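Listed below, chain by chain, are the residues.
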Amino acid sequence: MATLVARSYGQSSKTNLATDLARYGSTAVWRGVYYRGEKIGFTVSQTTKTENGFELQEDGRLQMLLLGQDTAARIHTIARVDGSFTLHGFEFSLDPGTGPIEVKGTVDGPSAANMWRLNLAITSGGVTRTETRDLPEAPVVTQNLSRLLADKRLVPGTHHEWTVLDPATLQSAKVSIRIGARTIVRANDTVVPAFRVDMDFRGLQTTSWVTDTGEVVREESPLGLITVREPAERAQGLAVSSRIQADLLQAAAVVPQTTERIDEPRDVRRLKLRLDGAPLSVEDIDGVGQRIDGNVIELTDPRMLEASAADPRAREYLAAEALIESDDPLISAEAEQAVRGAQGDRNRAERLTRYVNGLLDKKPTVSLPSAREVLRTKVGDCNEHTALFVAMARSIGIPARIAVGLVFMHGAFYYHAWPEVYITERPGRGLWLPVDPTLNQFPADTTHLRLARGGLDRQSAILPLIGRLKMTIVELEFVPGTERVIVGRATEQAADGAATLPIDLPRPAASGCRCGSTKNNATTRSTQ
């Protein structure tokens, strides 16, 4: 969700709002941001002539409901381009209110071999990591796409293709653009002639209406997110209620068709389901307790997984990454403290799962989950729990990677992230095991349906599935001896020989990966 919002809309915090907006003059373009008819924010952007070309700036503010909690964030983007709108540098920051993740980049080239060099500096928790990438062509960012189109002239029926650098995932990918007919578009109280522009970026489809000069009048994105040009006063008039009615993550949940109810996900031993409406990646889905046949996926209880011949690629998942800073001394020290006294990979991995669950306050955020930043703030949802776990596991020599997909909670499958950790049982034998520090599960329950593996670049691959995925539960098998909850059965049948338990049973979270309101109320369920 952070990736989708960051790619589409600029944001800004209340504290710095006046300062951020002061840089925008009379030529700035303001847009209101709406979700299913409700206003949830605004953006403002402007293009300024410079000595070497142009500078494109974007700021704004967004506030939305995620899993029952009001969530705000801040995004600021600057793109520096030459006279033909070729990218030469950019600055990007995303701040959910606990501190920003900043990404700066410069582009050099072309070289004698016709290659372009991208120099990146990623700052989180006050520490900057640098890296260099070679690209076969000059990248663009979304802020200058419409200007590039206008520079080449908008001609109905034509197609364009560029390599887009997405600062939210630090990855480059092809964007395919088709120019449609020129029509009259209503923008509040005015009408504007603009071209329809359909864009496909890694399967994520958006539609914009762009004027001859490259101004975006209106844009429609997945999940009902819409931006529309407005006067500055109207755009800034958020009037966000104390409780926004439309919850983005609940709206994205997949409600399965089934003839049998799941009361407790931990009681499911085997689950076979059919997914329709979107293409599936066999490489990502197959393995580690999952088996795919066409569009039918069978999931097996991870507690039944057994060690096999060692995975020769497991050690690849020990290296530090841009936002998985396993080489950071603070992360290493925290991990050593978490597993102190535990022997063997399995025991250490379980100790780490429980530790991360208890360490973080459970709060949905719109952020780029840097492990270093998560350790500093100790706040987050499933992405933050997963990033910190993976970094900590790698820092103590246990291979770990990120899985993203769906998990069953309260009648629906919610989009979720969790780690997979490699357990060495003995020399030459081991297994990958899904665990869930967000839900305090070791191993994770059977309803964890993995759709992709990897960092933010791979997580964004599931965005095209949102709103399109349809699920049917084909077979459902429970652990032997499972007692099903029967609503309406005579109370005396359930009460024979049983007294009322003198304890308060824990109440589950409202939905998704919100596991409670504080780090101290997590409930441990024995899986042995």
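Residues numbered from 1 in each chain as written. Predicted model: local features only at pLDDT ≥ 70, side-chain atom pairs only at ≥ 80, totals over all residues. Heavy atoms only, no water.

Asker: Is there a simple way to explain the side chain of Ser-45 in this structure?
Answerer: With respect to the helices, strands and loops of the structure, Ser-45 is situated in strand 2 (residues 38–49). Among the residues examined, Ser-45 registers a relative accessible area of 14% and is labelled buried. Here Arg-31 takes part through its side chain, which lies 3.3 Å from a polar atom of the side chain of Ser-45. Contacts of Ser-45, omitting those with residues within four sequence positions, involve Tyr-24, Ala-28, Val-29, Arg-31, Gln-57 and Glu-58. (Helix = DSSP H or I, 4+ residues; strand = E, 2+ residues; numbered from the N terminus. Buried < 20%, exposed > 50% of the residue type's maximum accessible area, 1.4 Å probe, protein only. Polar contact = N/O pair within 3.5 Å; in protein donor to acceptor, adjacent residues only side chain to side chain. Contact = heavy atoms within 4.5 Å.)

Asker: Quick question: what am I supposed to make of helix 7 (residues 329–339) here?
Answerer: In an α-helix, one turn spans 3.6 residues; hence positions three or four apart end up facing the same way. Within the span of helix 7, buried status applies to Ile-331, Glu-334, Ala-335, Ala-338 and Val-339. The arc enclosing the buried residues of helix 7, seen along the axis, measures out at 120 degrees, which places them on a common side. Residues of helix 7 that are exposed and point more than 90 degrees away from the buried face comprise Pro-329 and Leu-330. Tucked inside the fold, the buried residues of helix 7 contact helix 8 (345–359), helix 9 (371–377) and helix 10 (382–395). One side-chain oxygen of the residue at the start of helix 7 lies 2.9 Å from the amide nitrogen of Leu-330, identifying that residue as Asp-328. Taken from the residues just after helix 7, Gly-341 is the one with a positive phi, measuring 90 degrees. (Arc of directions from axis to C-beta.)

Asker: How should I be thinking about helix 10 in this particular structure?
Answerer: In a regular helix each residue adds 1.5 Å, so 14 residues correspond to 20 Å; helix 10 covers 20 Å between its end C-alpha atoms and thus fits that length. Counting buried positions along helix 10 gives 13 out of 14 residues, so the element sits mostly inside the fold. Put simply, Asp-381 is the residue that caps the front of helix 10, since its side-chain oxygen is 3.1 Å from the backbone nitrogen of Asn-383. (Expected span 1.5 Å × (residues − 1).)

Asker: Would you mind going over the pattern of salt bridges with me for this structure?
Answerer: Two side chains of opposite charge can pair, provided their charged atoms sit close to one another. Counted under the stated rule, the structure contains 31 salt bridges. For Asp-327, the salt bridge identified is with Arg-129, shortest N-O distance 2.8 Å. Of the two residues, Asp-327 sits in the loop between strand 18 (308–309) and helix 7 while Arg-129 sits in strand 8 (residues 127–135), which places them 198 residues apart along the sequence. Counted as one network, the salt bridges with shared partners bring together Arg-269, Arg-270, Lys-272, Arg-291, Glu-298, Glu-475 and Glu-477. (Salt bridge = Lys/Arg side-chain N within 4 Å of Asp/Glu carboxyl O.)

Asker: Teacher, can you tell me more about the sheet that holds strand 16 (residues 290–293) here?
Answerer: The strands that make up a sheet pair up through hydrogen bonds in the backbone, lying either parallel or antiparallel. With antiparallel pairing, the four strands of this open sheet are ordered in space as 16-17-15-25. The open sheet terminates on both sides in strands that have one partner only, identified here as strand 16 and strand 25 (470–478). Strand after strand, the sheet turns through a mean of 15 degrees between neighbouring axes, direction not considered. Of the strand pairs in this sheet, strand 16 and strand 17 (residues 296–300) are connected by four bridges, and their pairing is antiparallel. Looking across to strand 17, one finds that Arg-291 is bridged to Glu-298. (Pairing = 2+ DSSP bridges. Axes fitted to C-alpha atoms, helices over the stretch in contact; angles between N-to-C directions.)

Asker: Hey, could you run me through unusual backbone geometry in this one?
Answerer: Note: most residues except glycine have negative phi, and most peptide bonds are trans. The linkage connecting Gly-109 with the following residue, Pro-110, adopts the cis geometry, with an omega of 0 degrees. Turning to its location among the elements, Pro-110 is positioned in the loop between strand 6 (101–108) and strand 7 (116–124). Note the cis peptide between Phe-442 and Pro-443, where omega equals -10 degrees. Looking at where Pro-443 falls in the secondary structure, it is placed in the loop between strand 23 (429–434) and strand 24 (449–453). Phi is positive for Val-288, close to 50 degrees, though the residue is something other than glycine. Within the secondary structure, Val-288 is located in the loop between helix 6 (282–285) and strand 16. By relative accessible area, Val-288 is classed as partly exposed at 21%. Although it is not a glycine, Lys-378 sits at a positive phi angle of roughly 55 degrees. Note that Lys-378 resides in the loop between helix 9 and strand 20 (379–380). Residue class for Lys-378 comes out partly exposed when judged on its relative accessible area of 26%.

Asker: Would you mind going over the pairing of strand 12 (residues 204–210) with me for this structure?
Answerer: The side chains of a regular strand alternate between both faces of the sheet. With six of its seven residues buried, strand 12 lies for the most part within the structure. As paired elements, strand 11 (residues 190–201) and strand 12 share seven bridges and run antiparallel to each other. Bridge pairing links Arg-196 to Trp-209 in strand 12. The hairpin formed by strand 11 and strand 12 contains two residues between the paired strands, and Arg-202 there has a positive phi angle of roughly 55 degrees. In this sheet, strand 13 (residues 216–220) lies alongside strand 12 in antiparallel orientation, the contact comprising four bridges. What sits directly across from Trp-209, in strand 13, is Arg-218. Hairpin geometry of strand 12 and strand 13 is characterised by an intervening segment of five residues between the two adjacent antiparallel strands and by a positive phi of about 90 degrees at Gly-214.

Asker: What am I meant to see in the nonpolar core here?
Answerer: Within soluble globular proteins, side chains that are nonpolar tend to cluster in buried spots. In terms of nonpolar packing, the biggest core is built from 62 residues, with Leu-406, Tyr-415, Leu-449 and Leu-451 touching the most fellow members. When residues of this core are assigned to their parent elements, the largest contribution, eight residues, is made by helix 10. With sequence-adjacent residues up to four places away left out, Leu-449 is seen in contact with Leu-273, Leu-275, Gln-290, Ile-297, Leu-299, Val-404, Gly-405, Leu-406, Trp-418 and Met-471. The next biggest cluster of nonpolar side chains, apart from the first, holds 44 residues, and it includes Leu-154, Trp-162, Val-197 and Met-199. (Core = buried A, V, L, I, M, F, W, Y, C linked by side-chain atoms within 4.5 Å.)

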